[in-house]
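Notes for the structure review
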Amino acid sequence: MKAMIFAAGLGTRLKPWTDHHPKALAPVNGKPLLQRNIEYLKKYGISDFVINVHHFAEQVITFLEQQQQFGCNIAISHEVGEPLETGGGLKNAAAFLTGSNPFVVMNADILTDLDLGEMLAFHRQHAPLVTLAVTNRQSSRAFLFNNEHALCGWKNLQTGAERISVPAAHTVARAFSGIHIMDAAIFPLLTEEGKFSLVDVYLRLAKEYRILGYDHSGGILIDVGKPESIAVAEQYFH
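Reading the values: rules and limits
- What you see as residue numbers is a count from 1 along each chain, following the sequence as written.
- Since the coordinates come from a predicted model, pLDDT governs what is reported: local features require at least 70, and pairs of side-chain atoms require 80 or more to be given and counted, while whole-chain, interface and lining totals use all residues.
- The side-chain numbers reported here are obtained from all heavy atoms of the structure, hydrogens and water having been left aside.
- By the criteria applied, helices consist of DSSP H or I runs no shorter than four residues and strands consist of E runs no shorter than two, each listed in order from the N terminus.
- Two things to know: the radius of gyration comes from C-alpha atoms, and the globule rule equals 2.2 Å times the number of residues to the power 0.38.
- A simple rule labels every residue: compare its accessible area, found with a 1.4 Å probe on the protein chains alone, to the largest value its type can have, and call it buried under 20%, exposed over 50%, or partly exposed in between.
- Contacts are assigned to residue pairs with any non-hydrogen atoms lying within 4.5 Å of each other.
- Residue exposure ignores everything except the shown protein chains as possible cover, and the areas themselves are Shrake-Rupley values with a 1.4 Å probe.
- For the purpose of charge, His is not counted, nor are the chain termini; Lys and Arg are scored as positive and Asp and Glu as negative.
- Charged groups are reduced to one reference atom each: NZ for lysine, CZ for arginine, CG for aspartic acid, CD for glutamic acid.
- Only buried residues count toward a nonpolar core. Its members are Ala, Val, Leu, Ile, Met, Phe, Trp, Tyr and Cys residues joined through side-chain atoms within 4.5 Å.
- As used here, the arc is the angular range of directions from the helix axis to the C-beta atoms.
- Any Phe, Tyr or Trp ring, taking Trp's six-membered ring, that has another such ring centre within 6.5 Å forms a pair; planes under 30 degrees apart are called stacked, those over 60 apart edge-to-face, and the others tilted.
- Any carboxyl oxygen of Asp or Glu within 4 Å of a side-chain nitrogen of Lys or Arg constitutes a salt bridge here.

1. Some details on the overall build of the protein chain
Summing up its helical and strand segments, the protein chain has seven helices and 14 strands in all. Relative to the 2.2 N^0.38 estimate, which gives 18 Å for 238 residues, the radius of gyration of the protein chain is 17 Å and therefore close to what a compact globule would have. On the principal axes, the C-alpha backbone points of the protein chain span a range of 50 × 40 × 35 Å. Buried residues in the protein chain amount to 51% of all 238 residues. In the protein chain, of all internal contacts separated by at least 6 residues, the share reaching a separation of at least 24 is 73%. In the form shown here, the protein chain has an accessible surface area of approximately 11,000 Å², with 49% of it arising from carbon and sulfur atoms. In the protein chain, the 20 positive side-chain charges and the 23 negative ones have mean positions that sit 3 Å from each other.

Here it is as structure tokens:
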């Protein structure tokens, strides 16, 4: 099985660290986020990775070389001109992810104790196009799911603005955890070009394809996007 780790972002919320370093190398108890997530994915038998880079890309590449790629096969998808966001980044890395179905995608700045094995079993049992890890937590934005856990929309919980793809009598709002399991069939469906978000892709595709939410509420999930969240992460990840 293969995995992609998104590590190209500018990390503006994590200043001043990201004025001189990539967000993916921000340390939590002395160990960079990227290393923690490579080790996390390795626990589930994943040894083939593609990592997209842009902001201080050479620091990421040098770090991986110094660590002898953690004993894995790691390809680099270098987004030279500008970061392509999640959708553009995934599409740009498509060649590296061929021959693996399904594959895992996750953000470099997420730390979690999610049992990825259970999520994979859920994905294989239900066979959707994409399975999204979600939780019932406070967030400014959330995906909306129907009673069958199928994606049907998106909502800004601060403004109340909604984007409904599939009308449903009852919906449940869940915050996205930054971890996806995808079927390789998604690549021909990525018709957008350049820089674009997977959120927009999912809302478009939900009208025709099953995209399911996998709820892992109650576990640990930390978005290490701000300096203060590093201190919180260090309480859980030693």
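2. Notes on the environment of Ala184
Inspection of the secondary structure puts Ala184 in the loop between strand E12 (172-182) and helix H6 (198-205). Linking Ala184 and Gly225, residues 41 residues apart in sequence, is a C-alpha distance of 29 Å. In contact with Ala184, other than residues within four places in its own chain, are Ser100, Asn101 and Phe103.

3. Concerning the nonpolar core
In terms of nonpolar packing, the biggest core is built from 34 residues, with Ile38, Leu41 and Leu116 touching the most fellow members. Within the residue set of this core, elements represented by two or more residues are strand E1 (2-6), helix H1 (33-42), strand E4 (48-53), helix H2 (57-66), strand E6 (103-107), helix H5 (116-126), E12 and strand E13 (211-215). Counting 30 residues, the second largest nonpolar core, distinct from the first, contains Leu97, Leu132, Phe145 and Leu198.

4. Regarding unusual backbone geometry
Across the junction of Lys15 and Pro16, the peptide omega takes the value 10 degrees, indicating a cis bond. Structurally, Pro16 is set in the loop between E1 and strand E2 (27-28). Omega for the bond connecting Asn101 with Pro102 falls within 30 degrees of zero, at 5 degrees, which places this linkage in the cis form. Relative to the elements of secondary structure, Pro102 occurs in the loop between helix H4 (94-97) and E6. Its identity as a non-glycine residue notwithstanding, Phe56 has a phi of 50 degrees, on the positive side.

5. Digging into helix H7 (residues 227-236)
Those residues of H7 that fall on the buried side of the exposure criterion are Ser229, Ile230 and Ala233. Buried residues of H7 fall within an arc of 110 degrees about the axis and therefore sit on the same side. Among the exposed residues of H7, those oriented more than 90 degrees off its buried face are Glu228 and Gln235. In the core, the buried residues of H7 are packed alongside E2, strand E7 (110-112) and strand E14 (221-223).

6. Things to note about the packing of aromatic side chains
Per the stated rule, a full pass over the model turns up six aromatic pairs. Each residue in the set Phe143, Phe145 and Phe176 is aromatic and connected to the rest through ring pairs, giving one cluster.

7. Concerning the pattern of salt bridges
By the definition in use, this model includes ten salt bridges. Between Glu162 and Lys155 there is a salt bridge, with its nearest N and O atoms 3.7 Å apart. Overall, the relative accessible area of 25% leaves Lys155 in the partly exposed class. Between Arg174 and Asp215 there is a salt bridge, with the nearest N and O atoms lying 2.8 Å from each other. Residue Arg174 is located in strand E12, and its partner Asp215 is located in strand E13; the two are separated by 41 residues in the primary sequence. Residue Asp215 is classed as partly exposed on the basis of its relative accessible area of 38%.

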